[in-house]
Amino acid sequence: MKKVTQLVIPILAIVVVCSSAYAQFSKSGDAISYRKAAMHLIGVHFTRLAGMVKGEVPFDKAAFSKNAAVVKTLSELPWEAFVTVGSDKGDTTMKPSVLKEKDKFMAAAESFKAQAKKLSETADAGDTNAVKTQFGESVNACKGCHSVFRK
Ligand code: HEC
């Protein structure tokens, strides 16, 4: 019994620390660097998709699926970091309106998440024309949010 307790308490401590870190950022600077890192990665993988859609590099179905899956996963990560109090100030291009219009911002994030999921599913299904159309929808989701919420 003692052994079990010795094991359980550290595990619980880790769970508590990790879940609070997941739910919120104690420093606004941490939120800014987190979301910029996630956005940077989304940009890198999205650019690889764009190259194939524009024909700058040959369309490779497997590579497209892989990169689209990465974008889908990343699309689920950074939104809490955008609505962190005080994170409109500092080394950021986020407009303060994100904090004033959280619901509108989160709706734009949800719509992008849905587009990214659909893009990954379409890529896995393998119809190149459908993939290109869905890629266009996803670009609109990026642009739609940036035009309103990014300086
Ligand atoms: C719901 C809103 C939203 C969506 C959707 C969105 N972005 Fe962003 N993005 C932002 C905001 C706000 C910033 C500014 C972040 C900052 O400076 O703190 C940003 C920053 C970036 C950056 C700069 C990161 C850096 O290093 O500073 C890149 C690149 C980027 N986004 C690419 C994309 C791409 C590509 C998509 C679509 C596939 C996308 N974004 C979708 C809101 C969004």
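Please refer to the structure placed before this passage.
Residues numbered from 1 in each chain as written. Predicted model: local features only at pLDDT ≥ 70, side-chain atom pairs only at ≥ 80, totals over all residues. Heavy atoms only, no water.

Colleague: Looking at this model, I keep getting lost on the site of the ligand. Mind explaining?
Modeller: Surveying the vicinity of the ligand reveals 20 residues, the closest of which are Met-39, Thr-92, Cys-142, Cys-145 and His-146. Arg-35 places a side-chain nitrogen or oxygen 2.8 Å from an oxygen atom of the ligand. Of all the secondary-structure elements, those providing two or more residues to the shell around the ligand are helix H2 (28-54), helix H4 (79-82), helix H6 (102-125) and helix H7 (128-149). Split into classes, the residues belonging to the shell around the ligand amount to 14 nonpolar, 3 polar and 3 charged. (Near = heavy atom within 4 Å. Polar contact = N/O pair within 3.5 Å; in protein donor to acceptor, adjacent residues only side chain to side chain. Helix = DSSP H or I, 4+ residues; strand = E, 2+ residues; numbered from the N terminus. Nonpolar A, V, L, I, M, F, W, Y, C, P; charged D, E, K, R; others polar.)

Colleague: Before we go on, may I ask you to explain the coordination of the iron atom of the ligand in this structure?
Modeller: When a metal carries six donors in an octahedron, the ideal angles between them are 90 or 180 degrees, while four donors in a tetrahedron ideally lie at 109.5 degrees. Donor atoms from the polypeptide that bind the iron atom of the ligand are Met-39 (SD) and His-146 (NE2), placed at 2.1 to 2.6 Å. Because the angles between the 6 donor atoms bound to the iron atom of the ligand fall within 82 to 179°, the donor set is best described as octahedral. In this pair, Met-39 sits in helix H2 while His-146 sits in helix H7, placing the two residues 107 residues apart along the sequence. Met-39 sits in the partly exposed class, given a relative accessible area of 26%. A relative accessible area of 36% places His-146 in the partly exposed class. (Donors = N, O, S within 2.8 Å, 3.2 Å for Na, K, Ca; no water. Tetrahedral: all angles 85-135°; square planar, octahedral: opposite > 155°, others 65-115°. Buried < 20%, exposed > 50% of the residue type's maximum accessible area, 1.4 Å probe, protein only.)

Colleague: In this structure, what is going on with the environment of Thr-93? I would like to understand it.
Modeller: Locating Thr-93 in the fold gives a position in the loop between H4 and helix H5 (97-100). Residue Thr-93 is classed as partly exposed on the basis of its relative accessible area, which comes to 38%. A C-alpha to C-alpha distance of 8.8 Å links Thr-93 and Phe-149, two positions 56 residues apart in sequence. Excluding its chain neighbours within four sequence positions, the residues that come into contact with Thr-93 are Phe-149, Arg-150 and Lys-151. Within polar-contact distance, the side chain of Thr-93 engages the side chain of Arg-150 at 3.0 Å. (Contact = heavy atoms within 4.5 Å.)

Colleague: Sorry, what's going on with the pattern of salt bridges here?
Modeller: A side chain with one charge can pair with a side chain of the opposite charge if their charged atoms come near. For the structure shown, the criterion picks out 5 salt bridges. Asp-91 serves as the salt-bridge partner of Lys-36, at 3.4 Å between the closest nitrogen and oxygen. Highlighted residues: Lys-36 in helix H2 and Asp-91 in the loop between H4 and H5, separated in sequence by 55 residues. Take Lys-36: its relative accessible area is 37%, and that puts it in the partly exposed class. (Salt bridge = Lys/Arg side-chain N within 4 Å of Asp/Glu carboxyl O.)

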